[in-house]
Amino acid sequence: MSKSKIGIPSFDARCAAAHSPIRSGKLSGGEILNLLKVDAVLIPIKEGKKASAVKGWSKLDYKKTQAETYQRRLAAAPAIAVCLGPQSKGICSIDFDDDSALVEFIAINPSLEASLTTAGKRGCNIWLKITGDYPRTKKLKRGEDPLGEWRSSGGYTIISGLHPDGVSYKVLVDAHPLSIDFKEINWPASWNSPEVNTPLPPPPLSANSVNSISSDPSIYHTPKSLLERDKEARIAREKLAKDVKLSKFYDRYISRIFTPKQGSRNKSLIDMVTFLFHAVGLTRLIELVTAFHQTNYDIFLDTLAD
């Protein structure tokens, strides 16, 4: 970056003086994971573009990206990006297109100057590991002036390789992403800062509170035998297949990502609910979790109400 718009030495220059030497050129997948310090989902980028070379990248998980064929594709790609949010254990980035905005932001968040920072042709990205709830991706503005972007769920940031304009992405601050709660980040008062929406408590579950797939209300409150649960699950799966809208959401956000198994039911639910809250919001979350419970009623010991 060049000299900032408000006459303060650029972040690039301050980083070069205060931190380890800048790294540039393409990093390997292993080097990127070591830098991020989490099992992040990495995706290859198309040559000469900023678009993903992988269809359905938002549905990938870390395990799928470790396949040998995928790793070869990643190694051959001209650039590599990191999927943000739940896919990469809370890794997010703040993209700055405006030097003055960066300086203004660092002035009230001095600790973030030590967090992993990368850059492409212009601006930079400060990488963070968010420990609590956080908002989805949002454009940052000062009035009508664009400043950059808060990037998280549903987005990705290119971290290494070749920019479409021919310059190499580089590491400005060679450090791990700072682990921080989103609420600890300070935002200038003149910005349209992203905010975490505090969810309303979910309504009590009943046969009428969601679009029930099961025709039997007792699935919500009455424990049943294994044979009864198996029958309810089969009926629910048949009805889900007929509900085109719900089935589409279920296939996109659950079937390809979460598989319920004996011995890991609670973990599956916790991981799924956390992911769905950020991906689809509270109302759709309740519908999908209800469908998940009902179509897998044969392996759940607890009632839906529990």
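Relevant structure appears above.
The structure reproduced in this document is the subject of the present report. (Residues numbered from 1 in each chain as written. Predicted model: local features only at pLDDT ≥ 70, side-chain atom pairs only at ≥ 80, totals over all residues. Heavy atoms only, no water.)

### Considerations on the overall build of the chain
When you go through the chain residue by residue, the secondary structure sums to 9 helices and 11 strands. Taken over 306 residues, the chain has a buried fraction of 46%. Pairs at least 24 residues apart make up 73% of the contacts formed inside the chain by residues separated by at least 6 positions. Counting every atom, the chain has about 15400 Å² of accessible surface; 53% of that belongs to carbon and sulfur. (Helix = DSSP H or I, 4+ residues; strand = E, 2+ residues; numbered from the N terminus. Buried < 20%, exposed > 50% of the residue type's maximum accessible area, 1.4 Å probe, protein only. Contact = heavy atoms within 4.5 Å. Areas by Shrake-Rupley, 256 points an atom, 1.4 Å probe, with all protein chains shown as cover.)

### A word on the side chain of S88
You can see S88 is positioned in the loop between β3 (79–83) and β4 (91–96). A relative accessible area of 0% places S88 in the buried class.

### A short note on the side chain of T118
Checked against the element boundaries, T118 lands in strand β5 (residues 117–119). Within the structure, the side chain of T118 is placed 2.8 Å from the side chain of W127, a separation counted as a polar contact. Once residues lying within four places of it in the same chain are set aside, the contact partners of T118 are C124, N125, W127, I159, K170, V171 and L172. (Polar contact = N/O pair within 3.5 Å; in protein donor to acceptor, adjacent residues only side chain to side chain.)

### Brief notes about the pattern of salt bridges
As enumerated under the stated definition, the model contains 6 salt bridges in all. One salt bridge in this structure joins R142 and E104, with 2.8 Å as the shortest N-O distance. Here R142 is found in strand β7 (residues 138–142), whereas its partner E104 is found in helix α5 (residues 99–108), with 38 residues between them in sequence. Measuring nitrogen to oxygen at the nearest pair gives 3.1 Å for the salt bridge that ties K121 to D165. (Salt bridge = Lys/Arg side-chain N within 4 Å of Asp/Glu carboxyl O.)

### Considerations on the packing of aromatic side chains
The tally for this structure, following the rule as stated, stands at 9 aromatic pairs. Ring centres of W57 and Y156 lie 4.9 Å apart, and the angle between their planes is 85°; this geometry places the pair in the edge-to-face category. Here Y156 lies in strand β9 (residues 156–161) and W57 lies in the loop between β2 (42–45) and α3 (62–65), a separation of 99 residues in the sequence. Like W57, the residue Y156 is buried in the burial classification. Seen from their ring centres, W150 and W187 are 6.3 Å apart, and the 85° between their planes marks the pair as edge-to-face. Note that W150 is positioned in strand β8 (residues 145–151) and W187 in the loop between β11 (178–180) and α6 (226–242), a separation of 37 residues in sequence. Here the aromatic residues F96, F105, W150, F182, W187 and W191 are joined through ring pairs into a cluster of three or more. (Phe/Tyr/Trp six-rings, centres within 6.5 Å; stacked < 30°, edge-to-face > 60°.)

### Notes on the packing of helix α7 (residues 244–255) against helix α9 (residues 282–295)
Between α7 and α9, whose axes approach to 10 Å, the crossing angle comes to 85°. Accordingly, the angle class assigned to the pair α7 and α9 is roughly perpendicular. On α9, the residues touching K245, L246, F249, Y250, Y253 and I254 of α7 are R284, E287, L288, A291, F292 and T295. Its residues assigned to classes, the contact of α7 with α9 shows 8 nonpolar, 1 polar and 3 charged. (Axes fitted to C-alpha atoms, helices over the stretch in contact; angles between N-to-C directions. Parallel < 35°, antiparallel > 145°, perpendicular 65-115°, else oblique. Nonpolar A, V, L, I, M, F, W, Y, C, P; charged D, E, K, R; others polar.)

### Regarding the environment of P135
Of note, P135 is situated in the loop between β6 (124–130) and β7. The sequence separation of P135 and G85 amounts to 50 residues, and the corresponding C-alpha distance is 9.4 Å. Dropping the residues within four chain positions of it, P135 is found in contact with W150, S152, F182, P194, E195 and V196.

### Examining α9
Compared with the 20 Å implied by 1.5 Å per residue over 14 residues, the 20 Å span of α9 between its first and last C-alpha is a close match. Counting buried residues along α9, 12 of its 14 residues qualify, which places the element largely inside the surrounding structure. Within α9 the residues assigned to the buried category are R284, L285, I286, E287, L288, V289, T290, A291, F292, H293, Q294 and T295. (Expected span 1.5 Å × (residues − 1).)

### Observations regarding the sheet that holds β9
Across the sheet, which stays open at both edges, the 3 strands sit in the order β2-β3-β9 with antiparallel pairing between neighbours. Strands at the two margins of the open sheet, each flanked by one partner only, are β2 and β9. Across the sheet, the axes of successive neighbouring strands diverge by a mean angle of 35°, strand direction being ignored. Here helix α2 (residues 29–36) sits on the sheet and contacts β2, β3 and β9; the angle it forms with β3, its principal contact strand, is near 35°. Strands in contact with helix α4 (residues 68–76) are β2 and β3; relative to β2, the strand with the most contacts, it is inclined by about 50°. (Pairing = 2+ DSSP bridges.)

In short, geometric facts, not functional conclusions.
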